[in-house]
Structure formats: structure tokens, C-alpha cells
Amino acid sequence: DPSETTWLMALKHAKRGADEKYEDPFGIYGLALYWATMTFTSIGYGDITPQTSIEYWTCCGCMLVSGGAWAITIGHVCGVITQLFPRDVEMKQKLDDLNWLMHERKVPESMRATMRRYVFESARIRRHEEERALVQQISPMLQGHLMGCMMDMFRDRVFYIRDMPPEVVAALSRELRASLYAPNEVVPMERALFAVRRGSGWRA
């Protein structure tokens, strides 16, 4: 309808300026591109607004499309970030589950702190198990060299391991098992060699 006020006419009336900007096809295209970019980026200055029913329907469609595009983009970005730190995400999920369990069972606050600390420290154990699984995928000779390097920190502290042949050290390292105990916990294990990495232990 020629009598209807369009977005271009309303913009010209509101901002004034040279007529060429509102009549030249290149100028109109620039204004439309400006509005589309503003809508897609969800900035919304509000200087260009719909005036007719068709323009309102068009704006609604463009906003729905741009909103969906942003949702997909943000979802992909969050997915990439999650894949970059899988262990951190797993740890946070376990802590959330533990907090929910302790809240439901009304566990005392002092015990909650101890449990959270244990779960946090257990990440080192899971990392150790992942390393063992990775080592099992390489050749026996390379396993020996790699496990020997991983045993260096224990070899220097235990005098009878220090003088063992490399292949014996590598075989011994394959039998190592990582464990985590709470403070003051009794460890009922006999005929076993313990290498304490963090903390201290007493033989009763």
C-alpha cells in the first residue's frame, strides 16, 4: 500500500539527512545490511524498526533464525571447551553427585569436607590408571624403558632398587598399584612394599 509508512520512510523522517541515502539502491542496501547485522548480533540499537505488518513478520523470522544460529554456535563452543578439559568436567560432575548425596543423607559438615577432599585427591589415582592403560598399548621393550623412567623417583630413594637391572625395575614398575587413603586410615596389607608419594605412614 503506497499510503503505508515503511521502515525506510520512518528512518528518513527520524534521522533526516540527504535524500540520496534513502533513494539510492546502494544506500538502501547498506541500511538493510546494517539492520540485518544489528539483528543477527542481537545488539538492537532500535534506530531502524518495522512499520508495516509484512516488516513485522519479516523481523520476527529474522530474529528467530539469528537466535537459533546463536544457540547452535554457543552449544558448539561449549562442546569444544568441554572436550578440552574432560578430566575437569568429570571431576566437577563427581563432586556435584557427591554433594547431592551428602545433602540428601544430611551428612555432617566436617565429614562433607573430608569427602570432597578425598574425591579431589582421587584424580591423581585415575590419572595413574590412565597412564598404565596407555603404557600397555606400546611394545614390551618400550614399556620397559618408559616404566624405568617412571620409577626413577622411587629408585633413588630405595637402596635395593637403585642397583637393580633396568629390566627388573621395569617389571617391578608394572606391578605398582596406586592407592589413596584418608588421614588416620589403617591399611591392613602384609608383605607389600609401600612407596608414599604424599603424606606419611607409621607401621603399627
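Since the structure is predicted, the reported quantities are computational estimates derived from the model, not experimental observations.

A. Geometry of the overall build of the chain. From N to C terminus, the chain includes eleven helices and zero strands. Helices (α) and strands (β) of the chain occur, in sequence order from the N terminus, as α-α-α-α-α-α-α-α-α-α-α. Taken over the C-alpha trace, the chain has a radius of gyration of 33 Å; the compact-globule value for 204 residues is 17 Å, which it surpasses by more than 25%. The C-alpha extent of the chain, read off along each of the three principal axes, is 100 × 50 × 25 Å.

B. Molecular detail of the pattern of salt bridges. Inspection of every chain in the model, using the stated rule, returns eight salt bridges. For E130, the salt bridge identified is with R87, shortest N-O distance 2.9 Å. Of the two residues, E130 sits in helix α7 (residues 123-135) while R87 sits in helix α5 (residues 86-104), which places them 43 residues apart along the sequence. Of the residues examined, R87 reaches a relative accessible area of 44% and is grouped as partly exposed. Several salt bridges converge on common partners, so that one network encompasses R87, R127, E130 and E131.

C. Molecular detail of helix α11 (residues 166-174). Those residues of α11 that sit buried are V169, A170 and S173. Across the axial projection of α11, the buried residues extend over an arc of 100°, all falling on one side.

D. How the structure looks around the layout of surface pockets. Its boundaries defined by the atoms lining it, the largest pocket holds a volume of some 2,200 Å³. Along the walls of the largest pocket sit 49 residues, with S179, Y181, F194, A195 and V196 positioned nearest its centre. Among the elements that take part in the lining of the largest pocket, α7 stands out by supplying six residues, more than any other. Considered class by class, the residues forming the lining of the largest pocket number 27 nonpolar, eight polar and 14 charged. The space that makes up the second largest pocket amounts to roughly 220 Å³. What lines the second largest pocket is simply R87, D88, E90, M91, F120, E121, A123, R124, R126, R127, E130 and R198. Those elements giving two or more residues to the lining of the second largest pocket turn out to be α5, α6 (109-121) and α7. Examining the composition of the lining of the second largest pocket, we find that five residues originate from one element, α7, more than from any other.

Criteria and cut-off values
Residues numbered from 1 in each chain as written. Predicted model: local features only at pLDDT ≥ 70, side-chain atom pairs only at ≥ 80, totals over all residues. Heavy atoms only, no water. Helix = DSSP H or I, 4+ residues; strand = E, 2+ residues; numbered from the N terminus. Rg over C-alpha atoms; globule rule 2.2 N^0.38 Å. Salt bridge = Lys/Arg side-chain N within 4 Å of Asp/Glu carboxyl O. Buried < 20%, exposed > 50% of the residue type's maximum accessible area, 1.4 Å probe, protein only. Arc of directions from axis to C-beta. 1 Å grid on protein atoms, 1.4 Å probe; cavity = no way out; pocket = protein on both sides within 12 Å on 5 of 7 lines; lining within 4 Å. Points joined across faces, edges and corners; volume = space filled by probe spheres on them. Nonpolar A, V, L, I, M, F, W, Y, C, P; charged D, E, K, R; others polar.

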